[in-house]
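Summary of the model geometry
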Amino acid sequence: QADGTDGNCVTFVLHDEDHTLGNALRYMVMKNPDVEFCGYCITHPSESKINFRIQTRGALPAVEPFRKGLNDLMGVCQHVLNTFERSMKEYRAQR
């Protein structure tokens with residue numbers, strides 16, 4: 001976690017990540033009505049890290065919607081995986 005002005009506005013540095021996680025996580029975090037701003041940028045094309053910034057309204061610390069966004073994204077990915085595996089099992093059973 002990089003230095004921010006306070007707990008409501010924080011920039012997280014995510015190493016070994018790119019647009020794949022950045023854009024999906026930004027979408028999940030922005031669904032939270034307590035989040036005023038959420039965005040990310042790739043520091044440089046030759047580096048594999050992103051700066052992920054969250055600014056919240058009120059007294060909610062920025063780390064909370066960050067954690068919730070990660071957990072929600074894992075839930076969505078798990079649902080997609082389960083649906084895919086179930087569909088593959090049904091397909092193989094029909095063959």
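Treat the numbers as computed from the prediction; the structure is a model and nothing was measured. Residue numbers run consecutively from 1 along every chain, following the written order of its sequence. Only residues with pLDDT of 70 or above have their local features reported here, since the model is predicted, and side-chain atom pairs are shown and tallied only from 80 upward, although totals for entire chains, interfaces and linings are computed over all residues. To get the side-chain values, take all heavy atoms of the structure and skip hydrogens and water.

**Things to note about the packing of helix α1 (residues 19–30) against helix α2 (residues 63–94)**
Rule in force here: For helices, the fitted line uses only the C-alpha atoms of the stretch in contact; every axis is such a line through C-alpha atoms, and the angle between N-to-C directions lies from 0 to 180 degrees. Starting at the N terminus, helices and strands are each numbered in turn, a helix being any DSSP run of H or I of at least four residues and a strand any DSSP run of E of at least two. Roughly parallel means an angle under 35 degrees; roughly antiparallel, over 145; roughly perpendicular, 65 to 115; everything else is oblique. Take the far helix as the reference: if the near one is turned anticlockwise from it by less than a right angle, the crossing is left-handed, and if turned clockwise, right-handed. Contact criterion: two residues are considered in contact whenever any of their non-hydrogen atoms come within 4.5 Å of each other.
Where α1 meets α2, the closest approach of the two axes is 8 Å, and the angle between their N-to-C directions is 110°. As summarised for this structure, α1 and α2 are arranged roughly perpendicular, according to the angle between their axes. In the packing of α1 onto α2, the handedness of the crossing is right-handed. Contact with α1, carried on its side by Leu21, Ala24, Leu25, Met28 and Val29, involves Pro65, Phe66, Gly69, Leu70, Asp72, Leu73 and Val76 of α2 and no other residues of that element.

**What about the packing of aromatic side chains?**
Between two aromatic rings, the relevant description is the distance of the centres plus the angle of the planes. Here is the rule: Side-chain rings of Phe, Tyr and Trp (the six-membered ring for Trp) are treated as a pair once their centres are within 6.5 Å; stacked means planes under 30 degrees apart, edge-to-face means over 60, and tilted covers the remaining angles. Remark: exposure states derive from per-residue accessible area (1.4 Å probe, protein chains only) relative to the maximum for the residue type, with buried under 20%, exposed over 50%, and partly exposed in between.
Applying the stated criterion across every chain, the model contains two aromatic pairs. Measuring from ring centre to ring centre gives 4.1 Å for Phe12 and Phe66, while their planes differ by 5°; the resulting arrangement is stacked. You can see Phe12 sitting in strand β1 (residues 9–15) and its partner Phe66 sitting in helix α2, a full 54 residues away along the chain. Taking the relative accessible area as the measure of exposure, Phe12 reaches 6% and is therefore buried. Under the relative-accessibility criterion, Phe66 is labelled buried at 10%. Note on Phe52 and Phe66: the rings are 5.9 Å apart at their centroids and 50° apart in plane angle, and the pair reads as tilted. Taken as a pair, Phe52 in strand β3 (residues 49–56) and Phe66 in helix α2 lie far apart in primary sequence, 14 residues in all. Assigned by exposure class, Phe52 and Phe66 land together as buried.

**A short note on α1**
How we decide: For a helix, the expected span equals 1.5 Å multiplied by the number of residues minus one. The arc in question is the one spanned by the directions pointing from the helix axis to the C-beta atoms. Polar contacts, as counted here, are pairs of nitrogen or oxygen atoms within 3.5 Å of one another; within protein the pair requires one atom able to donate a hydrogen and one able to accept it, and residues that are adjacent in sequence qualify only if both atoms are side-chain atoms.
In this model α1 runs 16 Å from its N-terminal to its C-terminal C-alpha over twelve residues, within 8% of the 16 Å that 1.5 Å per residue would give. If you check which residues of α1 are buried, you get Leu21, Gly22, Leu25, Met28 and Val29. Down the axis of α1, the sector holding all buried residues measures 140°, keeping them to one side. In the core, the buried residues of α1 are packed alongside β1, β2 (35–42), β3 and α2. For α1, the N-terminal cap is Asp18; the gap from its side-chain oxygen to the backbone nitrogen of Thr20 is 3.0 Å.

**Description of the pattern of salt bridges**
For the record, the criterion: Take a side-chain nitrogen of Lys or Arg and a carboxyl oxygen of Asp or Glu: if they are within 4 Å of each other, that pair is a salt bridge.
Scanning the entire structure with this criterion turns up two salt bridges. In this structure, the salt-bridge partner of Arg67 is Glu64, at a minimum N-O distance of 3.5 Å. Separated by three residues within a single helix, Arg67 and Glu64 lie in helix α2, roughly one turn from each other. With relative accessibility at 36%, the residue Glu64 sits in the partly exposed group. Of the charged contacts in the structure, one is a salt bridge between Asp72 and Lys68, with a shortest N-O distance of 2.8 Å. Placement of both Asp72 and Lys68 in helix α2 is noted, with a separation of four residues, approximately one turn of the helix.

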